[in-house]
Amino acid sequence: MDKKRILILDTTLRDGEQAPGFSMNMSEKLEIAEMLEALGVDVIEAGFPASSEEDMAAVTEIAKRVSSGVAALARAREDDILRAAEALQFAKKPRLHVFIATSKIHMVHKLHMDENEILAAVSRSVSFARSLCPEVEFSCEDATRSDLAYLKKVVSAAVEAGASIINLPDTVGYATPTETYGIYKSVMGDTDPGGKILFSTHCHNDLGMAVANSVAAVAAGARQVECTLCGIGERAGNASLEEVVMALRTRNDFYKAETGIQTKLLYPACRKLSSVVGISTPPNKPIIGVNAFAHEAGIHQHGILSNRQTYEIISPEDVGIPKNDMVLGKHSGRHAFEQRLSELGIRMDREELDEAFEMFKLVAERKKAVTDKDLHAIAGEKRRAIGKGFRLIRFIVNSGNTIPAMASVKLERDGEETEDSCMGSGPIDAAFKTVDRIVRHTKGYGNLSYSLEDYSINSVTEGEDALGEVLIKLRCDGEVYTGRGLSTDILEASLKAYINGVNKLLTI
Ligand code: KIV
Ligand code: ZN
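In this text, all values refer to a predicted model and were calculated from it rather than measured experimentally.

Conventions we followed
Residues numbered from 1 in each chain as written. Chains lettered and ligands numbered in written order. Predicted model: local features only at pLDDT ≥ 70, side-chain atom pairs only at ≥ 80, totals over all residues. Heavy atoms only, no water. Donors = N, O, S within 2.8 Å, 3.2 Å for Na, K, Ca; no water. Helix = DSSP H or I, 4+ residues; strand = E, 2+ residues; numbered from the N terminus. Near = heavy atom within 4 Å. Polar contact = N/O pair within 3.5 Å; in protein donor to acceptor, adjacent residues only side chain to side chain. Areas by Shrake-Rupley, 256 points an atom, 1.4 Å probe, with all protein chains shown as cover. Nonpolar A, V, L, I, M, F, W, Y, C, P; charged D, E, K, R; others polar. Domains from an automatic or database assignment. Contact = heavy atoms within 4.5 Å. Buried area = accessible area lost by both parts, 1.4 Å probe. Salt bridge = Lys/Arg side-chain N within 4 Å of Asp/Glu carboxyl O. Buried < 20%, exposed > 50% of the residue type's maximum accessible area, 1.4 Å probe, protein only. Phe/Tyr/Trp six-rings, centres within 6.5 Å; stacked < 30°, edge-to-face > 60°. Lys NZ or Arg CZ within 6 Å of the ring centre and 35° of its normal.

### Brief notes about the coordination of the zinc ion (ligand 2)
And step 1. Of the protein atoms, only Asp-15 (OD), His-202 (NE2) and His-204 (NE2) coordinate the zinc ion (ligand 2), at distances of 2.0 to 2.1 Å.
And step 2. Linear spacing of the donor residues for the zinc ion (ligand 2) on their chain is D-x186-H-x1-H. Placement of the pair is Asp-15 in helix H1 (residues 12-16) and His-202 in strand E8 (residues 198-202), with a sequence separation of 187 residues.

### Digging into the site of ligand 1
And step 1. Around ligand 1, the structure places Arg-14, Asp-15, His-97, Phe-99, Ser-139, Glu-141, Asn-167, Pro-169, Thr-171, His-202 and His-204.
And step 2. The side chain of Arg-14 places a nitrogen or oxygen atom 3.0 Å from an oxygen atom of ligand 1.
And step 3. A distance of 3.1 Å is found between an oxygen atom of ligand 1 and a side-chain nitrogen or oxygen belonging to Asp-15.
And step 4. When the free accessible area of ligand 1 is taken as 260 Å², the share hidden by the protein chains comes to 94%.
And step 5. Every element with two or more residues in the shell around ligand 1 is listed here: H1, strand E5 (93-101) and strand E6 (136-141).
And step 6. Here the residues of the shell around ligand 1 sort into two nonpolar, six polar and three charged.

### Here we look at the domain arrangement of the protein chain
How big an interface is tends to be stated in terms of accessible area lost as the parts join.
And step 1. What the domain assignment reports for the protein chain is domain 1 (4-277), domain 2 (291-321), domain 3 (322-383) and domain 4 (391-507).
And step 2. Computed from C-alpha atoms alone, the centre-to-centre distance between domain 1 and domain 3 is 37 Å.
And step 3. On the side of domain 3, five residues touch domain 1, which itself brings four residues to the contact.
And step 4. Carbon and sulfur atoms supply 61% of the area buried between domain 1 and domain 3, which totals about 360 Å² over both sides.
And step 5. For domain 1, the biggest contributors to the area lost against domain 3 are Tyr-267, Pro-268 and Arg-271; these three give 65% of the whole.
And step 6. Seen at the junction of domain 1 and domain 3, the total is zero salt bridges.
And step 7. Run the count over domain 1 and domain 3 and you get zero residue pairs in polar contact (both at pLDDT 80 or more).
And step 8. Per-class residue counts for the side of domain 1 that touches domain 3 are two nonpolar, no polar and two charged.

### A closer look at the environment of Ser-487
And step 1. Inspection of the secondary structure puts Ser-487 in strand E18 (residues 479-487).
And step 2. Overall, the relative accessible area of 4% leaves Ser-487 in the buried class.
And step 3. Spatially, the C-alpha atom of Ser-487 lies 8.5 Å from that of Ala-466, the residues being 21 residues apart in sequence.
And step 4. Ignoring sequence-local partners within four residues, the contact set of Ser-487 consists of Arg-366, Ala-466, Leu-467, Gly-468, Glu-492 and Ala-493.
And step 5. Among the polar contacts listed, one links the side chain of Ser-487 to the side chain of Arg-366, at a separation of 3.1 Å.
And step 6. Polar side-chain contacts of Ser-487 include one of 2.9 Å to the backbone nitrogen of Asp-489.

### As for the packing of aromatic side chains
And step 1. All chains considered together, the criterion is met by eight aromatic pairs.
And step 2. Here Phe-48 and Phe-99 contribute two aromatic rings whose centre-to-centre distance is 6.2 Å and whose plane-to-plane angle is 75 degrees, an arrangement assigned as edge-to-face. Taken together, the positions of Phe-48 in the loop between strand E3 (43-47) and helix H3 (53-65) and Phe-99 in strand E5 put the pair 51 residues apart, joining distant regions of the chain.
And step 3. With centroids separated by 4.0 Å and ring planes inclined at 10 degrees, the aromatic side chains of Phe-432 and Tyr-498 adopt a geometry described as stacked. Taken as a pair, Phe-432 in helix H17 (residues 427-440) and Tyr-498 in helix H18 (residues 490-507) lie far apart in primary sequence, 66 residues in all.
And step 4. By relative accessible area, Phe-432 is classed as buried at 5%.
And step 5. Arg-413 extends its terminal NZ or CZ atom over the ring of Phe-390, reaching a point 5.3 Å from the ring centre.

### Overview of the pattern of salt bridges
And step 1. Within this structure, the stated rule accounts for 43 salt bridges.
And step 2. The salt bridge involving Glu-17 is made with Lys-29; its shortest N-O contact spans 3.7 Å. Note that Glu-17 is positioned in the loop between H1 and helix H2 (26-39) and Lys-29 in helix H2, a separation of twelve residues in sequence. Each member of the pair, Glu-17 together with Lys-29, is buried.
And step 3. When the shortest N-O distance is used, the salt bridge between Glu-34 and Arg-65 registers 3.1 Å. In this pair, Glu-34 is assigned in helix H2 and Arg-65 in helix H3, connecting sequence segments 31 residues apart.
And step 4. Overall, the relative accessible area of 37% leaves Glu-34 in the partly exposed class.

Next comes the structure, spelled out in structure tokens:
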């Protein structure tokens, strides 16, 4: 039997980005969109244009930039559909994605519409969307809690009105894999016996079953999976792209399905997203967690040494996890550095390379072995750091359990250096408060108000000289800004992350 080609619709920039704490600015969205294109996703759902000017601009820009399919979301309303069509005008492969809820609870309590009114809205909106865009996807929001007979009526109405892709979302992450399989079999069998329609799945992870439900839908015949990098999204998130793709690939014997994803880019793509939105990956996260390929128990190590397949069903190289062998050191020159970056598929312009090389030299001075993981981190650091704003010149922090913590920090901005000092409840608090003082003493920022919402630190590699990566989140005017800093010194990494976050909120 031939393998089915499963389309991957990535909704990191729509369903992922709309969840609290994952917002991105335009240049971050473009960076992620380019990564998604390189990864080989078939459709990038770039935003919900009617929801905000930012989403409108993001869909428009992404549509100009990439050649993958680009989808824009719209409610089943004329004004939403017009906005989405306008945002898609430059897309090479545009897709207008219309949705309306079909479950009783949503119809009664959210939409205040009855079944017939919803059916009429579906026909009207899909045919309007179809008049503006050659490809229309229709989603029955909360499909898995909808009455099955009614769901089939809605699907038939959407198909009749011109939708060629039908999505049955598990909007609240309520379904089980067995139910999901049954719903797809039943809806597809009754509404599309000829198999002309492309059925899609879109699962949320409230009960931790988003990936299981997505692949159950594929087993039943769905040919598109909607998912997000690292599973980011509303509440507990969406099905995670890397897990869906590797489940289909690893259990190809069962699903007989393949995607067009370049699996070697999965790890770099997830790392990029994590650093952009400021999330740290749990160590046991499938595919990308640091423990996903670690074998600790003696009996496991023994097995792995004689044959990796005893305890490893995926090879780390297949998902692009960099090896942790020493690749460069303090005597490595610029040529070796650039060559290794290019072997790792990391592309940078001259200015970024200059800064990354400077950072590499600093790291190599402090760290015996610079590994591929370090290089990935350095590349991420430099890309985030570029841009105007404050720059750390030097800092001194005094702290102990019998003295108050005291920090002195010198920053530079537009060629002007400012030094200040402050006490705090600990070394990091003192250092951050000093940065705040300097920022507030800068002309124009006297009334600036923001607060630290999250702080986390992870080590990039093992060992006492490992690079530490700090991620922080700052809240300002209801928006969250992430900052990232990297150093073998955790105070320096923390200050760099904080300054990076402050620079972002000042420039957006
Ligand atoms: O979860 C959901 O139902 C959605 C739809 C708008 C596709 O995100
Ligand atoms: Zn969703």
